[in-house]
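# Chains, contacts and geometry: an overview
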Amino acid sequence: MYFTDRGIEELEDRRGQEEVTFEWLAERLREFVDLNPEFEIPVERLATWLARLDDEEE
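Residues numbered from 1 in each chain as written. Predicted model: local features only at pLDDT ≥ 70, side-chain atom pairs only at ≥ 80, totals over all residues. Heavy atoms only, no water.

Moving on, we come to the packing of aromatic side chains. A full pass over the atoms with the stated rule returns one aromatic pair. Between Phe 32 and Phe 39 the ring centres are 5.6 Å apart and the planes differ by 45°, which places this aromatic pair in the tilted class. By relative accessible area, which is 36% here, Phe 39 ends up partly exposed. (Phe/Tyr/Trp six-rings, centres within 6.5 Å; stacked < 30°, edge-to-face > 60°. Buried < 20%, exposed > 50% of the residue type's maximum accessible area, 1.4 Å probe, protein only.)

Moving on: the pattern of salt bridges. Where charged atoms from two side chains of opposite charge come close, those side chains can pair. Applying the stated criterion across every chain, the model contains four salt bridges. Between Glu 18 and Arg 15 there is a salt bridge, and its shortest N-O distance comes to 2.9 Å. Relative accessible area serves as the criterion here: at 43%, Glu 18 is assigned to the partly exposed category. Note that Glu 31 is salt-bridged to Arg 28, the shortest N-O span being 2.7 Å. Taken as a pair, Glu 31 and Arg 28 lie in helix 2 (residues 22-35) at a separation of three residues, close to a single helical turn. The class of Glu 31 is partly exposed, set by a relative accessible area of 37%. Exposure remark for Arg 28: the relative accessible area of 28% places this residue in the partly exposed category. (Salt bridge = Lys/Arg side-chain N within 4 Å of Asp/Glu carboxyl O. Helix = DSSP H or I, 4+ residues; strand = E, 2+ residues; numbered from the N terminus.)

A pair of packed helices is characterised by two quantities: the angle between their axes and the separation of those axes. Look at helix 2 against helix 3 (residues 40-51): their axes get within 10 Å of each other, and the N-to-C directions meet at 165°. Looking at the two axes, helix 2 sits roughly antiparallel to helix 3. Here the hand of the crossing between helix 2 and helix 3 comes out left-handed. Here Leu 25, Leu 29, Phe 32 and Val 33 of helix 2 come into contact with helix 3, specifically with Glu 40, Val 43, Ala 47 and Leu 50. (Axes fitted to C-alpha atoms, helices over the stretch in contact; angles between N-to-C directions. Parallel < 35°, antiparallel > 145°, perpendicular 65-115°, else oblique. Left-handed = near helix turned anticlockwise from the far one by under 90°. Contact = heavy atoms within 4.5 Å.)

Shown next, in the form of structure tokens:
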């Protein structure tokens, strides 16, 4: 188990039944980076990965 799994499990437990839009998620990610600029690159990578999930693999 990775350390991040605990945070992911907490998110799922606390908010797993909620529905959100990608617009809402994007705003939360911007807020997070504003408060934690040292995480700008990992958040950018996560956002890009989510945005491209449906792209055809080459």
